[in-house]
Amino acid sequence: MPQSSTVRFEPRELFLGPAQRTYRRVAACGSNGMKPGLSAALRKLVVPNGALLAAAAILLPWKLAGAFALPAGEYIGLAIAATGIPLAWRLRSPRLMLTLVLLLVTQWAWMTVWTTSRPEIRSALAVLLPLNFAVLLLIDDAYVDWEAFAWWGGLIAVQAAVVAVMVETDTTSILRHLNRPLVPQVLHGSRFPQLAALLFLGDGIALLAVFAVTLKPRESGLFWSLCACFMAMNTANPRRAAGYFAAAAVIVGLSVIETAYLVGYHDELTGLPARRAFNQAVAALDGEYAIAMVDVDHFKRFNDTFGHDAGDQVLRMVAEKMLQVGAGGKAFRYGGEEFAIIFRRIRAEEALEHAEALRRSIAEISFVIRGPDRSQRRRQERRQHHRPRKLRRERFDTSVTVSIGVAEPAGPDTPAENVIHAADKALYCAKERGRNRVEISVARRLRALAGRAI
């Protein structure tokens, strides 16, 4: 029997920032929780963005340099960035959209300054780019705050105007201070300012830290595009610089596409694949398989009693347990408090055993909910009666159970929709028989009984 565990929900979590809540959720999940292991996290970081930058670093010196020697070569990155902006706009992702705008402005300014042979302005651009990346980290992509978006966009526009003025005027006396070494003998002989290198390093560490918490393609794309911009600004070849800027734009564009995939195919609350991903997986089923439908018992009553935030904690906990189901079962968020599991290449009887193990693991969890502190009025009364005592939060110990229905195709030509319908009927049968149980489809049970009678 697995050991029971405890899940705690604190109302004060409502006042934490999204990054803090995510960090606490990741820490609570542990190595066997909803977050993947170290190897999977590294794969998410490197593929495809890191691999793309590595390919650019290998091919640009001798294979792709010719493409950027053409008259329109330096506009490749600009075109790619401009193409990704409308898609980021449709996704309501201001951080990715402003990153593409920033890459557009930076590449235009960098290539323009290159033709004028003004190294001091390149030093200013090398400092401004990581500063702007740091500003972009402050943008919350959970919702679109158009007022904040206007401020950040205006900031980029002002910087572009300042760079344009610097190109037309003599600013050597002002900008030469940027090339002063902060630490002697570090980057000795390099034309890249130490201040810019430190800012790039700080941004890279911050992006890696955010990625370690969220594991989202957005932060991965921003990190590798920052690396590509660093390589572009450190090369002495304008063709390679244009190529690295193009690679940065492609990386952010891929992040936009991956973000669109996550929005469409993954559930944000639980991290499980969503209903659309389930429909596609079902359409690809053939041969021997089984489908289990899972529903949280009395979920509406739980929400009404403890609040929707505690209900969200329950759904995350159930999703975490479903990720650990055996036999290679693939878990999905079907909708509301209902989940689905697809078991490939096994019969319903074997899937029933793993579904029963899942039911027991969820039922054995002690779900502890701490209520709010007592009212301020009662606290004042205690002070008046000179009874200083530490006030305790109200504590509610409850359990969460699920009902599960399992079904398999009656024959090789049985539509998958019929199997889902049969699993739903078995689920409702489990509900009618008292909940917190697993039932197999009636047709499958009758065939099993007939086989035993023969």
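Sequence positions are assigned chain by chain, starting from 1 and proceeding in written order. Under the rules for a predicted model, residues below a pLDDT of 70 receive no local features and side-chain atom pairs below 80 are neither given nor counted, while totals for whole chains, interfaces and linings still include all residues. Excluded from the side-chain calculation are hydrogens and water; included are all heavy atoms of the structure.

Engineer: Tell me what's going on with the overall build of the protein chain, and back it up with residues and numbers.
Structural biologist: By definition, any uninterrupted DSSP run of H or I lasting at least four residues is a helix, any uninterrupted run of E lasting at least two residues is a strand, and each is numbered from the N terminus. If you tally the helices and strands in the protein chain, you get 17 helices and eight strands. Relative accessibility thresholds used throughout: buried, under 20% of the residue-type maximum; exposed, over 50%; partly exposed, between the two (1.4 Å probe, protein chains only). Evaluated residue by residue, the protein chain yields a buried proportion of 43% over its 454 residues. Taking the contacts inside the protein chain whose residues are at least 6 apart along the sequence as the reference set, 75% of them involve residues at least 24 apart. The accessible surface values rely on the Shrake-Rupley method and a 1.4 Å probe; as for residues, cover is taken only from the protein chains in view. With an accessible surface of roughly 24200 Å², the protein chain has 58% of that area assigned to carbon and sulfur atoms. Between two residues, a contact is recorded if the distance between any of their heavy atoms is within 4.5 Å.

Engineer: I'd like a description of the pairing of strand β3 (residues 330-335), backed by residues and values.
Structural biologist: Should DSSP find at least two bridges between two strands, the strands are regarded as paired. The sheet contact formed by β3 and strand β4 (residues 338-344) spans five bridges and is antiparallel. Bridged to R333 within β4 is F339. Count of turn residues in the β3/β4 antiparallel hairpin: two residues, of which G336 carries a positive phi of about 60°.

Engineer: Which residues make up the confidence of the model for the protein chain, and what values do they have?
Structural biologist: On average, residues of the protein chain carry a pLDDT of 77, and 71% of them reach 70 or more. Predicted confidence for residues 372-383 stays below pLDDT 50, and this span has eleven contacts to residues more than four positions away or in other chains. Residue-level confidence of the predictor is summarised by pLDDT, bounded by 0 at the bottom and 100 at the top. Predicted confidence is poor over residues 386-393, with pLDDT under 50, and the contacts of this stretch with residues over four places away or in other chains come to eleven contacts.

Engineer: I'd love a proper account of unusual backbone geometry, names of residues and values included.
Structural biologist: V47 connects to P48 through a cis peptide bond whose omega is 0°. Along the chain, the position of P48 falls in helix α2 (residues 38-64). Unusually for a residue other than glycine, L215 sits at a positive phi of about 55°. Tracing the chain through its elements places L215 in the loop between α8 (194-214) and α9 (217-234). Positive phi, close to 65°, is recorded for R435, a residue that is not glycine. Mapped onto the elements, R435 comes out in the loop between α16 (416-432) and β8 (438-440). For R435, a relative accessible area of 31% gives the class partly exposed.

Engineer: Kindly report on the nonpolar core, identifying the contributing residues and their values.
Structural biologist: We define the nonpolar core as a collection of buried residues of types Ala, Val, Leu, Ile, Met, Phe, Trp, Tyr and Cys that are connected through side-chain atoms lying within 4.5 Å of one another. Ranked by internal contacts, the top residues of the largest apolar core, which has 53 residues, are W110, L129, F192 and M233. Those elements that provide at least two residues to this core are α2, α3 (76-90), α4 (94-116), α5 (119-136), α8, α9 and α10 (238-265). Leave out the neighbours within four places in its chain, and L129 touches L102, T106, F200, C229 and M233. V296, F339, I341 and F367 belong to the second largest nonpolar core, which has 33 residues in total.

Engineer: Run through the packing of α8 against α9, naming residues and quoting values.
Structural biologist: When two helices pack together, their arrangement is captured by the angle between the axes and the distance separating the axes. Helix axes use the C-alpha atoms of the stretch in contact, all axes being lines fitted to C-alpha atoms, and the angles between their N-to-C directions lie in the range 0 to 180 degrees. In the contact formed by α8 and α9, the axes pass within 8 Å of each other and the chain directions differ by 160°. Put simply, α8 runs roughly antiparallel to α9. In this structure, the crossing between α8 and α9 has a hand that is left-handed. On the side of α8, the interface is formed by F200, D203, G204, L207, L208, V210, F211 and T214, while α9 contributes E219, S220, L222, F223, L226, F230 and M233. Each residue is assigned to one class: nonpolar for Ala, Val, Leu, Ile, Met, Phe, Trp, Tyr, Cys and Pro, charged for Asp, Glu, Lys and Arg, and polar for all the others, Gly among them. Here the residues of the contact of α8 with α9 are counted per class, giving ten nonpolar, three polar and two charged. The scheme is simple: roughly parallel for angles under 35 degrees, roughly antiparallel for over 145, roughly perpendicular for 65 to 115, oblique for anything else. Crossing chirality is assigned from the near helix's rotation relative to the far helix, an anticlockwise turn below a right angle marking it left-handed and a clockwise turn marking it right-handed.

Engineer: Outline a nonpolar patch on the surface, supporting the account with residue identities and numerical values.
Structural biologist: Judged by side-chain polarity, L198, L201 and I205 come together as a nonpolar surface patch covering roughly 300 Å² of accessible area. Relative to the assigned elements, L201 resides in helix α8. What makes a patch is a set of residues exposed beyond 30% relative accessible area and free of salt bridges, joined within 9 Å when like-charged and within 5 Å when nonpolar (Val, Leu, Ile, Met, Phe, Trp, Tyr). A side-chain nitrogen of Lys or Arg and a carboxyl oxygen of Asp or Glu constitute a salt bridge if their distance falls within 4 Å.

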